[in-house]
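Coordinate analysis (summary)
Given next are the chains, with one letter for each unit.
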Amino acid sequence: MDYDETLVDCGAGPHWPLASTVRDRGRGPLPAGLPAEVLRRTTEMLGEARVPSTGVGESAALDLIAGLLDNHGIDLSHPHAAAHLQPPVLQVAVDADALASASNASMDTYDSGPATLAIEQWVVRALARLAGFGPEADGVLTPGGSISNLLAVLIARDSAAAKVGIDVRRHGIDGLDRPMVFCSELAHFSVQRACAALGLGEDAAVTIASDSDFRMRLDVLEAELARPGRTPIAVVATAGTTDYGSIDPIAGIASLAHQHGAWLHVDAAYGFGALFSDRLAPLLAELPVADSVTLDLHKIGWQPAATSMLLVADRNRFASFGRSVDYLNPADDIDSGLDGLLGRSLQTTRRPDAVKVATTLTAYGRTGLGAMLDTCHELAHAAAARVVADSNLELLAPVTLTTVLFRVAGEELAAAELDAVQGEVRRRLLTSGRVLIGRTKVPARNGRPAAVALKLTLLNPNATATDVEELLDQVVATGHDVLAGRAA
Ligand SMILES: Cc1ncc(COP(=O)(O)O)c(C=O)c1O
């Protein structure tokens, strides 16, 4: 494929070369039908679930699987796909990912793949610099934002333990006095999971109320940190909450966290990509005060999953993962420069996911990725404006990045019934196959009780304002049908 030819100005702006496994451009983002039917049809095409004694050959096998993805899979490049933080992906990243797979290099030692080690370190340095971190910073690619958050809480736990002379790696956390992690009520649930996985228990995650702009409240954090009888090991700020894209007051949180000797982790899984855009980068101006940062380029970054990274301001904090293993990196081999990145991760074999990132950053630069984000941000504002102008719809939160929270209006309905309408509208749209949108629950705010919301996560830079209008037209029409069905 000639990438430069596809990146042409079509009058409405550049058309980005995105990959898709769906050839039928007439179909919607999902296959039509009820989930059980679609899954049954797919399984039937695969045949009986057993390893065949004789294979059908490579072409036939690839044709079969490609056909399944084409007919029954998702098309994230469709302009009406707007459900999750799951973007369409750049074709060049897919091609580079095939190179990474073909190399089958691993990141643990020099002799598992030299070039890819250098590539990951290049990508880490480039993104650490973009974050505003100094030369002491380091990072590692991980299989997702949830795992990056887990590694961050692990490092914070070990740092807190080391301060009171406990070697967690050998003795566990028993000597720590009620270790706690503080995060906003809108933080990603992976923070709770990290606490559970690390032996702290989910209850160790103290959730802090958020304000009318969906940002962590500093006064509540301050009061919680000051409560006696607990060891605050980390505060997790979110830069780009999953639903609202809201950005916690990072500098204020950092100062409170550090006053109490706690680690400041910023979960920027969604928001980090704002740094690609001149317009949105000021939202993350306070990021350099963090001790660690999660960023996901399989969200804003248009990379195939998994492409997450944990950045740490001080590379010495990776000591939690340090290990010398006889068959991989014995001391004399390390001294001879044969070490790899085993000591940055809980994984041993680790994919060279940095290959696609290095290729994408080189191909498009900050400006290219920033332009893609700006387009999605403008689409979100256009969608919000349409919602506000339409009496059939109600906007439930302001736009920060690329999400829009709204609902089908129904003043005359009781709250529970109106909530049920939203769920039904979304399910009807999904099973029609024509429109893929998300849902969530917006907490009680400014006198309005908690409400089920419909959600657009706009990450397709090839979608237009007209596409978004058409998508919302379908929501309104389906809303009418559902409301009429309930009235009857
Ligand atoms: C703010 C935030 N953090 C972490 C995650 C988890 O990322 P992943 O799905 O890559 O594990 C998400 C996922 O949406 C997220 O929105």
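Preceding block: the structure.
A brief report on the enclosed structure follows. Nothing here was measured: the structure is a model prediction, and the numbers come from that model.

1. Points about the site of the ligand
Near the ligand lie 13 residues; those nearest to it are Gly145, Ser146, Thr242, Asp267 and His298. Side-chain polar atom of aspartate 296 to an oxygen atom of the ligand: 3.1 Å apart, as the coordinates give it. Residue lysine 299 places a side-chain N or O atom 3.0 Å away from an oxygen atom belonging to the ligand. In isolation the ligand exposes 390 Å². Once the protein is present, 83% of that is buried. Broken down by element, the shell around the ligand gets its largest block of residues, 3 residues, from helix 6 (residues 145-163).

2. Description of the sheet that holds strand 9 (residues 393-395)
Spatial ordering of the open sheet is given by 1-11-12-10-9, a layout of 5 strands whose pairing is mixed. The open sheet is flanked by strand 1 (81-82) and strand 9, the only strands paired with a single partner. Pairing of strand 1 with strand 11 (residues 436-442), which is carried by 2 bridges, proceeds in the parallel orientation. The residue bridging alanine 82 from the neighbouring strand is isoleucine 437, located in strand 11. Those strands touched by helix 14 (residues 465-487) are strand 1, strand 9, strand 10 (403-408), strand 11 and strand 12 (451-457), and its axis lies near 25° from that of strand 10.

3. Brief notes about helix 13 (residues 415-432)
In this model, helix 13 (18 residues) spans 26 Å end to end at C-alpha, consistent with the 26 Å of a helix rising 1.5 Å per residue. All buried positions along helix 13 are accounted for by Leu418, Asp419, Val421, Gln422, Gly423, Val425, Arg426, Leu429 and Leu430. Buried residues belonging to helix 13 abut strand 10, strand 11, strand 12 and helix 14. Of the residues flanking the end of helix 13, it is glycine 433, one or two places downstream, whose phi is positive at about 80°.

4. Examining the state of the cysteines
What the rule picks out here adds up to 0 disulfides. Free of any disulfide, cysteine 195 has its nearest cysteine sulfur in cysteine 183, 7.5 Å distant.

5. Comments concerning the pattern of salt bridges
For the coordinates displayed, the defined rule picks out 28 salt bridges. Among the ionic pairs, glutamate 48 bridges to arginine 50, the shortest N-O distance being 3.6 Å. Grouping residues by exposure puts glutamate 48 and arginine 50 together as exposed. Where lysine 299 meets aspartate 296, a salt bridge forms, and the shortest distance between an N and an O atom there is 2.5 Å. Three or more residues joined by partner-sharing salt bridges are found here, namely Asp97, Arg351, Asp353 and Lys356.

What counts as what
Residues numbered from 1 in each chain as written. Predicted model: local features only at pLDDT ≥ 70, side-chain atom pairs only at ≥ 80, totals over all residues. Heavy atoms only, no water. Near = heavy atom within 4 Å. Polar contact = N/O pair within 3.5 Å; in protein donor to acceptor, adjacent residues only side chain to side chain. Areas by Shrake-Rupley, 256 points an atom, 1.4 Å probe, with all protein chains shown as cover. Helix = DSSP H or I, 4+ residues; strand = E, 2+ residues; numbered from the N terminus. Pairing = 2+ DSSP bridges. Contact = heavy atoms within 4.5 Å. Axes fitted to C-alpha atoms, helices over the stretch in contact; angles between N-to-C directions. Expected span 1.5 Å × (residues − 1). Buried < 20%, exposed > 50% of the residue type's maximum accessible area, 1.4 Å probe, protein only. Disulfide = S-S within 2.5 Å. Salt bridge = Lys/Arg side-chain N within 4 Å of Asp/Glu carboxyl O.

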